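Observations on chain architecture
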Amino acid sequence: MRSLKLGVIGIDHRHIFGQLEKMLAMGCTCKGWWTEGEPQPAQGFVERFADIPRVANRQTLLDDPEIDMILIADVPVRRATRAIEAMRAGKDVMTDKPGCTTLQQLDMIRQCVADTGRIWSIDFSERFEVPAVTKAAELIANGCIGTVVQTTGLGPHRLNRATRPDWFFNEASYGGILADIASHQVDQFMFFTGAKDAEIVASSVGNFANPGDVGLQDFGEIMLRSDRAQGYIRVDWYTPDGLPTWGDGRLTILGTEGTIELRKYVDVAGRDGTDHVFLVNADTCEYIDASDAPLPYFKQLIDDVNNRTETAMSQAHCFKVMELSLRAQAQAVRLGALA
């Protein structure tokens, strides 16, 4: 496996830490980083990656013929523009979610990928950086719960108001709660059910706890359906300070012969650590510690860059997840202070 040379453009979201750390752990090297201004994650970025130089102009990274891939965690509304300019400069792209904030931006990205043949990949960290998800996929592949017919994905988050930049409270900047957070759960629905397409049966967004922040959506939900499965998604910014982590993310996968529940980041009043998996079928009712399961996305993505393949995630899947998330956002009923 030939390791890649990377550049980083935009560090406005802390997800860039996981994006870059996981790629460096696979043997990649980063030649430099650029961001606009001094966003809140900058200090932590410098502390973690002190040996990587900051460049004064992002064009320096785009023009460097040695750089294979650009990692992006800019303000969400700018991610499409950053990705397109990177792909047109001959670079593949790994971007934080949401990869874009409007359907028009998505159309532009689709056209750019078609024109350039570059890879546009979104690091859906709630799947790609969670060992429990790898274990669940293994159990399903082994037939442990039969055919998957429904998923319930919960994505609660802590608001952490004091650390949030202005763009976090501007719907046009972050794209809305369903385009942003719920894209994780849409990705998992499509992945675990094997769906290639789906319809948005219903969706809503609301502001129930922060009426003074007119641009903030602190609640969202989606009901979706494909030709083979159903899904329900709920996301919010209500995680209380008493929880020892940023959110009690859960996924329940219903099969015709059993169920799997993932408690990804915490087992409330239960076991220590992360990546808790519960399997129930005709033969067992068991707990599985999945914390040592592998995270294949990053190695597979490196292989895809080298071999021009689609093993980490198909481009069609990546496009479809963002399309469905954006459509759910666009048609959502607006509740609470948003009504």
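Check the entry above for the structure.
So, here is what we can say about the structure in this document.

**Some words on the pattern of salt bridges**
- With the rule as written, the count across this model stands at 35 salt bridges.
- One salt bridge in this structure joins E21 and R48, with 3.6 Å as the shortest N-O distance. Taken as a pair, E21 in helix α1 (residues 15–25) and R48 in helix α2 (residues 42–48) lie far apart in primary sequence, 27 residues in all.
- A relative accessible area of 34% places E21 in the partly exposed class.
- Judged by its relative accessible area of 40%, R48 is partly exposed.
- Residue R118 is joined to D92 by a salt bridge in which the shortest nitrogen-to-oxygen separation is 3.2 Å.

**Some thoughts on the side chain of K97**
- Considering the arrangement of structural elements, one finds K97 in the loop between β4 (92–95) and α5 (103–116).
- Polar contacts involving the side chain of K97 include one to the side chain of D180, which spans 2.4 Å.

**A few points about the packing of aromatic side chains**
- According to the stated counting rule, one finds 13 aromatic pairs in the structure shown.
- Relative to F49, the ring of F45 lies with its centre 4.8 Å away and its plane at 55°, an arrangement referred to as tilted. Each member of the pair F45 and F49 is classed as buried.
- An aromatic cluster of three or more residues is present, and its members are F17, W33, F45 and F49.
- Sitting over the ring of F17, R48 keeps its end group 4.1 Å from the ring centre.
- Directly above the ring of W34 sits R58, whose terminal nitrogen or CZ lies 5.1 Å from the centroid.

**Overview of the sheet that holds β4**
- Read from one edge of the open sheet, five strands run β2-β1-β3-β4-β5, paired in parallel fashion. Two strands bound the open sheet, and with one partner strand each, they are β2 (29–34) and β5 (120–122). Ignoring which end each strand starts from, the neighbouring axes of this sheet average 20° apart.
- The pairing of strand β3 (residues 69–73) with β4 spans four bridges and is parallel.

**Comments concerning the side chain of S121**
- Within the secondary structure layout, S121 lies in strand β5.
- At 2.7 Å, the side chain of S121 forms a polar contact with the side chain of Y297.
- Each residue touching S121, except ones within four places of it in the same chain, is listed here: V93, M94, T95, Y297, L301, M313 and C318.

**As for the sheet that holds strand β6 (residues 148–156)**
- Spatially, the nine strands line up as an open sheet ordered β13-β12-β11-β10-β6-β9-β8-β7-β14, and their pairing is mixed. Edge positions in the sheet fall to β13 (285–289) and β14 (333–336), since each has one partner strand and no second. Across the sheet, the mean angle separating the axes of adjacent strands is 10° when strand polarity is ignored.
- Judged from the seven bridges that link them, strand β8 (residues 219–225) and strand β9 (residues 230–236) form a sheet pairing that is antiparallel. In the sheet register, E221 faces β9, and the bridge partner there is R234.
- Where helix α7 (residues 131–141) meets the sheet, it contacts β6, β10 (250–255), β11 (258–263), β12 (276–281) and β13, and its direction lies at approximately 170° from that of β11.
- Against the sheet, helix α10 (residues 182–193) engages β6, β8, β9 and β10, with an angle of about 160° to β6.

How each quantity is defined
- Residues numbered from 1 in each chain as written.
- Predicted model: local features only at pLDDT ≥ 70, side-chain atom pairs only at ≥ 80, totals over all residues.
- Heavy atoms only, no water.
- Salt bridge = Lys/Arg side-chain N within 4 Å of Asp/Glu carboxyl O.
- Helix = DSSP H or I, 4+ residues; strand = E, 2+ residues; numbered from the N terminus.
- Buried < 20%, exposed > 50% of the residue type's maximum accessible area, 1.4 Å probe, protein only.
- Polar contact = N/O pair within 3.5 Å; in protein donor to acceptor, adjacent residues only side chain to side chain.
- Phe/Tyr/Trp six-rings, centres within 6.5 Å; stacked < 30°, edge-to-face > 60°.
- Lys NZ or Arg CZ within 6 Å of the ring centre and 35° of its normal.
- Pairing = 2+ DSSP bridges.
- Axes fitted to C-alpha atoms, helices over the stretch in contact; angles between N-to-C directions.
- Contact = heavy atoms within 4.5 Å.

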